[in-house]
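Single-letter residue listing:
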Amino acid sequence: VQLIESGGGLMQAGGSLRLSCAVSGRTSNRYGMGWFRQAPGKERDFVAAIPWGGGDTYYADSVKGRFTISSEAAENTVYLQMNSLKPEDTAVYYCAASRRVTPWYYARRSEYETWGQGTQVTVSS
């Protein structure tokens, strides 16, 4: 599996961006997909997760109600819609794929075997 993120950029606070993660290679509905982010000098933190075929979604408290993750298997793409952006959302955003054993600890970086190269999101105040 290979992952390529796109859609990052510079946005004013209150604006919206949609990140895309193009997925290539062999996948199955057993896979789980996640978005993480890493701000300068900080650890890479969980943002959102969803099973590859869709279904339950999971969010960090800091983005709940503002961000929406979706999985479009027919397009081989996972999206992260980000609304009401805040300066503290500034980070490099990474897409990740997990083989998703049960139980799936979706917020743990160690659950994900494959990572994209990241896309920069900068939110100005």
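Numbering of residues starts from 1 in every chain and runs along the sequence as written. Confidence filtering applies because this is a predicted model: local features only for residues at pLDDT of at least 70, side-chain atom pairs given and counted only at 80 or more, and all residues used for totals across whole chains, interfaces and linings. Only hydrogens and water are set aside; all other atoms, that is, all heavy atoms of the structure, feed into the side-chain values.

**Q** Describe in detail the pairing of strand β4 (residues 32-38), supporting the description with residues and values.
**A** For each residue, the accessible area found with a 1.4 Å probe, counting protein chains only, is set against the maximum for its type, and the residue is called buried under 20%, exposed over 50%, and partly exposed in between. The helix count covers DSSP runs of H or I at least four residues long, the strand count covers runs of E at least two residues long, and both are numbered beginning at the N terminus. For β4, a buried count of six out of seven residues is recorded, marking the element as mostly surrounded by other parts of the structure. Where β4 and strand β5 (residues 44-51) come together, seven bridges link them in antiparallel fashion. Pairing of M33 across the sheet is with I50, part of β5. The pairing criterion is simple: DSSP has to find at least two bridges between the two strands. Hairpin connection from β4 to β5: five residues lie between these consecutive antiparallel strands, with G41 at a positive phi of about 75 degrees.

**Q** Please set out the packing of aromatic side chains residue by residue, giving values where relevant.
**A** Here a pair means two rings of Phe, Tyr or Trp (six-membered ring of Trp) with centres within 6.5 Å. Their orientation is stacked below 30 degrees between planes, edge-to-face above 60, and tilted elsewhere. Overall, the coordinates contain nine aromatic pairs when judged by the stated rule. Ring plane angle 80 degrees and centroid distance 5.1 Å describe the contact between F36 and Y112, whose orientation is recorded as edge-to-face. Of the two residues, F36 is situated in strand β4 and Y112 in the loop between β9 (91-98) and β10 (114-115); the sequence distance between them amounts to 76 residues. The class of F36 is buried, set by a relative accessible area of 0%. Here the aromatic residues F36, F46, Y58, W104, Y106, Y112 and W115 are joined through ring pairs into a cluster of three or more. In this scheme, the term charge over a ring applies when either NZ of a lysine or CZ of an arginine sits within 6 Å of the ring centre and within 35 degrees of the ring normal. Above the face of the W104 ring, R100 is positioned so that its terminal group lies 5.7 Å from the ring centre.

**Q** A description of the pattern of salt bridges should follow, citing residues and the corresponding values.
**A** What makes a salt bridge here is a side-chain nitrogen of Lys or Arg within 4 Å of a carboxyl oxygen of Asp or Glu, nothing more. Scanning all chains against the criterion turns up four salt bridges. The salt bridge partner of R66 is D89, with a shortest N-O separation of 2.8 Å. Separated by 23 residues along the polypeptide, R66 in the loop between β6 (58-59) and β7 (67-72) and D89 in the loop between β8 (77-82) and β9 bring together distant segments of the chain. Just as R66 is buried, D89 falls in that class too.

**Q** Break down the nonpolar core for me, citing the residues and quoting the values.
**A** Residues grouped as a nonpolar core are buried Ala, Val, Leu, Ile, Met, Phe, Trp, Tyr and Cys residues, joined through side-chain atoms within 4.5 Å. Residues M33, W35, L80, M82 and Y93 are the most contacted members of the largest nonpolar core, which totals 33 residues. Every element with two or more residues in this core is listed here: β3 (17-24), β4, β5, β7, β8, β9 and β11 (119-124).

**Q** Could you give me a rundown of the environment of G55, with the residues and numbers involved?
**A** Inspection of the secondary structure assignment puts G55 in the loop between β5 and β6. Between the C-alpha atom of G55 and that of Y105, which follows or precedes it by 50 residues, the distance is 16 Å.

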